Amino acid sequence: LYKGVKVMFSEVRLTSRKKRANVFTGVFAVLEVPGNVLEGHTIITADSAMARESASTRWSKLSPVKIQQPGAERFLVYSDKPEAASLLVGEKLLKELGEASDIFNKADLTAVLFRSKFIFLMIPHREDMFEPSNVFLPVSSQHHALKCKKEIERLLEIIDIFEVYKAE
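In this text the structure is predicted, and so the values were computed from the model without any measurement.

Peer 1: Even after reading the chapter, I still don't get the overall build of the protein, so can you show me in this structure?
Peer 2: The helix and strand inventory of the protein stands at four helices and seven strands. Overall, the protein shows an N-to-C arrangement of helices and strands of β-β-β-α-β-β-α-α-β-β-α. Pairs at least 24 apart in sequence give 63% of the contacts found in the protein among residues at least 6 apart. Summed over all atoms, the accessible surface of the protein reaches about 10600 Å², with 53% contributed by carbon and sulfur.

Peer 1: Please explain the pattern of salt bridges as it appears in this structure.
Peer 2: Side chains that differ in charge, positive against negative, can pair when their charged atoms come close. Taken as a whole and judged by the stated rule, the model has eight salt bridges. With a closest N to O distance of 2.6 Å, Glu 153 and Lys 149 form a salt bridge. Of this pair, Glu 153 and Lys 149 both sit in helix α4 (residues 143-162), four residues apart, which is roughly one turn of the helix. A residue is classified by how much of its surface remains accessible, and Glu 153, at 36% relative accessible area, is partly exposed. Given a relative accessible area of 47%, Lys 149 falls into the partly exposed group. The partner of Arg 154 in a salt bridge is Glu 157, and the shortest N-O contact between them spans 2.4 Å. Remark: Glu 157 and Arg 154 occur in helix α4; sequence separation between them is three residues, near one turn of the helix. Overlapping salt bridges, with partners in common, bring together Lys 95, Glu 96, Glu 99, Arg 154 and Glu 157 in one network.

What counts and how
Residues numbered from 1 in each chain as written. Predicted model: local features only at pLDDT ≥ 70, side-chain atom pairs only at ≥ 80, totals over all residues. Heavy atoms only, no water. Helix = DSSP H or I, 4+ residues; strand = E, 2+ residues; numbered from the N terminus. Contact = heavy atoms within 4.5 Å. Areas by Shrake-Rupley, 256 points an atom, 1.4 Å probe, with all protein chains shown as cover. Salt bridge = Lys/Arg side-chain N within 4 Å of Asp/Glu carboxyl O. Buried < 20%, exposed > 50% of the residue type's maximum accessible area, 1.4 Å probe, protein only.

Below is the structure:
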């Protein structure tokens with residue numbers, strides 16, 4: 001729980017049985033905001049290849065949304081409620097998503113806002129974030145722990161953009 005928002009992180013490795021290949025390696029984050037504050041189903045992605053592949057199939061019920069904000073050129077936006085999405089996807093959200101992408105080595109992250117209160121983040125990332133190190137080897141640097149902390153803090157800052165949490 002962070003500022004009234006339920007947060008769940010998971011390191012993920014997905015493979016395809018058909019292709020017998022790795023499909024995705026990275027981090028999934030799910031945020032559940034209190035109340036029903038999000039309208040429609042909106043996808044914001046920096047992964048243009050996934051957007052091209054999905055626009056006519058899985059995303060066929062979604063419309064492309066033109067966003068005229070600084071930082072928008074980095075992302076493609078699709079929504080079943082384009083008017084609501086154009087209001088929701090503002091400069092602050094795009095800035096935070098861009099900075100989160102930069103922290104994760106300029107990853108082509110994707111954010112999905114759905115069911116009125118859920119935000120799903122999919123961040124390609126090859127490094128292990130949550131795996132414990134070997135207990136028999138001394139930790140020679142705090143670099144990994146500090147980098148992981150910074151990555152999580154950047155993701156949590158996205159919550160602040162929505163300003164929907166209750167003050168404690």
